[in-house]
Amino acid sequence: MTKTSKTDMQHVIAKRVAQELEGPCVVNLGIGIPTLVAEYLDAEDIYLHTENGLLGVTDVEAEEIDPNLVNAGKLPVGEAIGASYFNSSDSFAMIRGGHVDVAILGALQVDQTGVIANWAVPGKNIMGVGGAMDLLVGAKKVFVTMSHTSKDGSSKLLKECTYPITSTRSVDMIFTELAVFEVVDKQLKLVELMPGVTIEEVREKTEANFAE
Amino acid sequence: MTKTSKTDMQHVIAKRVAQELEGPCVVNLGIGIPTLVAEYLDAEDIYLHTENGLLGVTDVEAEEIDPNLVNAGKLPVGEAIGASYFNSSDSFAMIRGGHVDVAILGALQVDQTGVIANWAVPGKNIMGVGGAMDLLVGAKKVFVTMSHTSKDGSSKLLKECTYPITSTRSVDMIFTELAVFEVVDKQLKLVELMPGVTIEEVREKTEANFAE
Amino acid sequence: MSKITNSIQDALSCVESGNTVLVGGFGLVGAPLSLIEGLTEKDVKDLTIVSNNLGESGKGLGILLNQNKIKKGIGSYFTSNRDVGDKYQKGEIELELLPQGTLAESLRAGGAGLGGYYTTTGAGTDLGKGKEEREIDGVTYIFEKAIRADVALIRAHKADTLGNLVYYKTARNFNPLMATAAKKVIVEVDEIVQPGELNPEEIVTPFLYVDVIIEAQQVLTKEGVVNR
Amino acid sequence: MSKITNSIQDALSCVESGNTVLVGGFGLVGAPLSLIEGLTEKDVKDLTIVSNNLGESGKGLGILLNQNKIKKGIGSYFTSNRDVGDKYQKGEIELELLPQGTLAESLRAGGAGLGGYYTTTGAGTDLGKGKEEREIDGVTYIFEKAIRADVALIRAHKADTLGNLVYYKTARNFNPLMATAAKKVIVEVDEIVQPGELNPEEIVTPFLYVDVIIEAQQVLTKEGVVNR
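Predicted model, so just to flag it, every value in this text is computed and none were measured.

Student: Which parts of the structure should I look at to understand the overall build of chain A?
Tutor: Along the backbone of chain A there are five helices and 12 strands. Taken along the three principal axes of its C-alpha coordinates, chain A extends 45 × 35 × 30 Å. When each of the 212 residues of chain A is scored for burial, the buried share is 58%. Taking as baseline every contact in chain A between residues at least 6 positions apart, the subset at least 24 positions apart corresponds to 60%. Carbon and sulfur atoms make up 48% of the accessible area of chain A, which amounts to about 8,800 Å² in all. In chain A, the 17 positive side-chain charges and the 30 negative ones have mean positions that sit 8 Å from each other.

Student: For this particular structure, what's the right way to read a negative patch on the surface?
Tutor: A surface patch of like charges, here negative, comprises E39(A), D59(A), E61(A), E63(A) and E64(A). The topology assignment puts E61(A) in the loop between β3 (54–58) and β4 (78–85).

Student: When you look at empty space enclosed by the protein in this model, what are you seeing that I'm missing?
Tutor: Rolling a probe over the atoms, with the probe sized like a water molecule, indicates the empty space that remains. What the rule picks out here adds up to four cavities of 30 Å³ or more. In this structure, the largest cavity is lined by 43 residues; those nearest its centre are N87(A), D90(A), N87(B), D90(B) and V204(C). Of all the secondary-structure elements, those providing two or more residues to the lining of the largest cavity are α3 (88–96) of chain A, α3 (88–96) of chain B, α5 (100–111) and α6 (175–178) of chain C together with α5 (100–111) and α6 (175–178) of chain D. When its residues are assigned to classes, the lining of the largest cavity shows 23 nonpolar, 10 polar and 10 charged. In this structure, the second largest cavity occupies an estimated 100 Å³ of space. Along the walls of the second largest cavity sit 14 residues, with G27(D), A31(D), I36(D), G55(D) and L61(D) positioned nearest its centre. Residue composition of the lining of the second largest cavity, by class: six nonpolar, seven polar and one charged.

Student: I would appreciate a short explanation of the relation of the copies chain D and chain C in the present structure.
Tutor: Here two copies of a chain appear, and what relates them is a rotation about an axis with a shift along it. At an RMSD of 0.0 Å, chain D and chain C line up after a rotation of 180° and a shift of 0.0 Å along the axis. These values place the two chain copies in the arrangement generated by a two-fold rotation axis. For chain D, the smallest separation between a C-alpha atom and the rotation axis is recorded for Y117(D), amounting to 2.0 Å.

Student: I tried to follow α5(C) on my own but got confused; where do I start?
Tutor: Owing to its 3.6 residues per turn, the α-helix aligns residues three or four sequence positions apart on the same side. Residues and elements named next belong to chain C. With 12 residues, α5 extends 17 Å between its outermost C-alpha atoms, agreeing within 8% with the 16 Å of an ideal straight helix rising 1.5 Å per residue. Extensive coverage of α5 is indicated by the burial of 12 of its 12 residues. Along α5, the residues classified as buried are Q100, G101, T102, L103, A104, E105, S106, L107, R108, A109, G110 and G111. With its phi angle positive at about 75°, G113 sits one or two positions after the end of α5.

Student: Help me understand the sheet that holds strand β7 (residues 116–117) of chain A, please; the structure alone is not making it clear to me.
Tutor: Two orientations exist for strands paired in a sheet by backbone hydrogen bonds: parallel and antiparallel. Residues and elements named next belong to chain A. Strand order in the open sheet formed by three strands is β7-β6-β9, and the pairing between neighbours is mixed. Each edge of the open sheet carries a strand with a single partner, namely β7 and β9 (157–158). Sheet analysis places strand β6 (residues 109–111) next to β9, joined by two bridges and oriented parallel. Paired with D111 across the bridge in β9 is L158.

Student: Can you walk me through the sheet that holds strand β5 (residues 114–119) of chain D in this structure?
Tutor: Read across the open sheet, the six strands follow the order β6(C)-β7(C)-β5(C)-β5(D)-β7(D)-β6(D); overall the sheet is antiparallel. Because the sheet does not close on itself, it has two edges, and the strands there are β6 (133–136) of chain C together with β6 (133–136) of chain D. Taking the axes of each pair of neighbouring strands and ignoring which way they run, one obtains an average angle of 35° across the sheet. Note that strand β5 (residues 114–119) of chain C and strand β7 (residues 139–145) of chain C share four bridges and pair antiparallel. If you follow Y118(C) over to β7(C), its bridge partner there is F143(C).

Student: Would you mind showing me how to read the packing of aromatic side chains here?
Tutor: Scanning the model with the defined rule gives 11 aromatic pairs over all chains in all. Taken together, a centroid distance of 5.4 Å and an interplanar angle of 80° make the contact between F181(A) and F210(A) edge-to-face. Separated by 29 residues along the polypeptide, F181(A) in strand β11 (residues 179–184) and F210(A) in the segment after α5 (199–204) bring together distant segments of the chain. These aromatic residues form a ring-pair network of at least three members: Y118(C), F143(C), Y118(D) and F143(D). The lysine or arginine in question, R134(C), covers the ring of F143(D), its NZ or CZ lying 4.0 Å from the ring centre.

Student: It is not clear to me how helix α4 (residues 82–89) of chain C should be interpreted in this structure. Could you clarify?
Tutor: Residue and element names in this part refer to chain C. Along α4, the positions that sit buried rather than exposed are D83, V84, G85 and K87. Elements in contact with the buried residues of α4: α3 (61–66) and β4 (94–97). N-cap assignment for α4: the residue whose side-chain oxygen lies 3.0 Å from the backbone N of D83 is N81.

Student: Explain the interface of chain D and chain C here, please?
Tutor: Much of the literature gives interface size as the accessible area that the parts lose upon coming together. Listed by partner, the interface residues are 25 residues for chain D and 25 residues for chain C. Together chain D and chain C conceal approximately 2,000 Å² of surface at their shared face, both sides included; 40% is due to carbon and sulfur atoms. Taken as a group, L114(D), Y118(D) and E201(D) account for 26% of the area that chain D buries against chain C, more than any other trio of residues on that side. For the interface between chain D and chain C, the tally reads eight salt bridges. Note that R172(D) is salt-bridged to E201(C), the shortest N-O span being 3.3 Å. For the pair chain D and chain C, the number of links is 19 residue pairs in polar contact (both at pLDDT 80 or more). For the side of chain D that touches chain C, the elements supplying multiple residues, two or more each, are α5, β5, β6 and β7 (139–145) of chain D. Per-element tally for the side of chain D that touches chain C: the top contributor is β5(D), with six residues. Its residues assigned to classes, the side of chain D that touches chain C comprises eight nonpolar, six polar and 11 charged.

The rules behind the values
Residues numbered from 1 in each chain as written. Chains lettered and ligands numbered in written order. Predicted model: local features only at pLDDT ≥ 70, side-chain atom pairs only at ≥ 80, totals over all residues. Heavy atoms only, no water. Helix = DSSP H or I, 4+ residues; strand = E, 2+ residues; numbered from the N terminus. Buried < 20%, exposed > 50% of the residue type's maximum accessible area, 1.4 Å probe, protein only. Contact = heavy atoms within 4.5 Å. Areas by Shrake-Rupley, 256 points an atom, 1.4 Å probe, with all protein chains shown as cover. Lys, Arg positive; Asp, Glu negative; His and termini not counted. Charge placed at Lys NZ, Arg CZ, Asp CG, Glu CD. Patch = residues over 30% accessible without salt bridge, like charges linked within 9 Å, V, L, I, M, F, W, Y side chains within 5 Å. Salt bridge = Lys/Arg side-chain N within 4 Å of Asp/Glu carboxyl O. 1 Å grid on protein atoms, 1.4 Å probe; cavity = no way out; pocket = protein on both sides within 12 Å on 5 of 7 lines; lining within 4 Å. Points joined across faces, edges and corners; volume = space filled by probe spheres on them. Nonpolar A, V, L, I, M, F, W, Y, C, P; charged D, E, K, R; others polar. Least-squares fit on C-alpha atoms with pLDDT ≥ 70 in both. Expected span 1.5 Å × (residues − 1). Pairing = 2+ DSSP bridges. Axes fitted to C-alpha atoms, helices over the stretch in contact; angles between N-to-C directions. Phe/Tyr/Trp six-rings, centres within 6.5 Å; stacked < 30°, edge-to-face > 60°. Lys NZ or Arg CZ within 6 Å of the ring centre and 35° of its normal. Polar contact = N/O pair within 3.5 Å; in protein donor to acceptor, adjacent residues only side chain to side chain. Buried area = accessible area lost by both parts, 1.4 Å probe.

Here's what the structure looks like:
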């Protein structure tokens, strides 16, 4: 049984997703674990897109922070060589029009067809959606990163989502601290166990059906 | 009876329309007589828009002609101080969105409700429309310039257009070598006789009903 | 007929109770901070505010919210201000939540004279419920209506005296779109320059969209919002 | 994985018979003259060409027309080439005439992942016949479908080696829109520069839209089209 802390776990997932990216490509990183992915990218030809209007996001040193240069999580970022700025409709035109290669998103739940829920929780006011729905319908590939289970230990890979779905589109890959799944023909397929994880543990903690 | 040549007549009309423009305003000039209007504008705050992507069109000296700087008639033009360039969809967004104050267009026919026909002739192939329909639906005001009669002497101000209409929208003013009309509540109203023209001549050469 | 004013309240003189007001910015970045503050000092109510967020708790549009001047909010991410949820719970505000791309696109459509458009975003989700669906070439789209407003309050980097605008980095966001979609467009800027000083190839918002220009009195710095 | 090539035929290698091809330019201004000439030398047929004009008689796309390689033309102003009318009369070409603003908007919609939109342009006219009408807030709009294509041939001023593009004066026109609306985008430019040489605030077409870059071999001058 894995006993990593939450932060360690997030980094393990982020690092694993980063390995899946092959340049040249344009990637949009969501808030949370996806943001950490940037730390593990070393290919020069992987460019980051942020939906608030920048293609070519980089890290920024503390002393170079510009309050008017932020990512979608409103965190300060830097500007890559070859970067460009654009307005919000042009930015979402890129996303919705299929011009962003990969979106890496967090999720609250994934069902066994690869449909995700990541923007609202039943019983709470529906207050924010941001760019999640646009990224899901538009990105050429969508990778999901999340902890395998909720705080109460229940599986976040479900037969059916109980939270409102973000799109009818199935994601392409799912990365948790236990395993990596691909979605093929609307079915989950286990493609990799994370180091030290057994197939039994994945079976036990996964409600969704998946092919092994 | 007026006996001016075609070119003189065009200039007379263009000059009269120019007097109707009051700055600050943004004006789009169509091909033909409308293009001549530019020669009679002296207010500094009348800016010309051309739908191929420039706000701030000016004349150009022969030695300064740039083959990549043209107006909608593909004629060489210059760039005013404060000018800006934009793509075709942004340009027509300005037009259709009601951001251009006046469009000055030529017409083949005008009916007595102010609806015009200026893009196609029955019996010929329908081969070109350009920006005419967009300008008609979008400009805040539309002024029409044309000769009062066809070559065969028949009125171009008709009870009903026999050519395909350009839009269901009525224009705001009509300028010919004989008279100036306003369109009020879908009715033509004669507001001015051109110098040396009698009301009888206008009546004789106008098929459309109009208020005097 | 200068578009330039030094008085925030003069700049806002056209804003009336019941108006629909577009407010630029992504959070505080690119938000017209001085104009928003001006609005909190103005006696108006029943506003419909179209903005990505409704500020933060007690900041920016958040003040306007707490003054009960906002009848309805249209945006994509109200979560950034916890007060919005409380007001909504009490029935003190109407909310319309749109995906961020739909919000942006609807503003562009409004400015471009379109009636509406079909997008895949939101189809089959709770946010698509009640919206017309249409299949086009085998893909399911939903209808979204254009957004137009009475007034836009926006933030740019530089304006020339004619009203041509350029923006700064990610402070651009919704501002150029909002500049096209309102009857009156009021912009606050870092700097006002002479016509000809902005490169014609670089101008993002041509002057025909802009009605009133004022120099920003509040700016966003690393340390937060400060008076200039 | 460089996007740059020196061979027009290599640049055009993805173009196949039956393709829909977007071709930039307003007349010859901003038209990808070298790529068009390359297309006239390539063995392809049954093309659908989306372009404001179909060149002039015997020039640019006019040559392609006379080679009977064009099955269908979609544009706003075929009048500039008298041969188009003759071919149409003989039933040798299909034509779809769109208002210029609709042509531009449909390309933008295609690039932006929209299915279509409602415009007032053309409503109640012969060009609106057979198109769905819809009343929105008391105004009559017609439905126009987005345009997407296999290939776009466009003209820009400068490209950096990543594929970021800037344009030159009124040679911009349809080019940035077409860059968004095709599976493969091939651009010819006056000059290729290094990344970082174009101002990030000024880039009109970000590099993610561009697949192939080639230096223009033919340019428009006061004296007409000349080889460089």
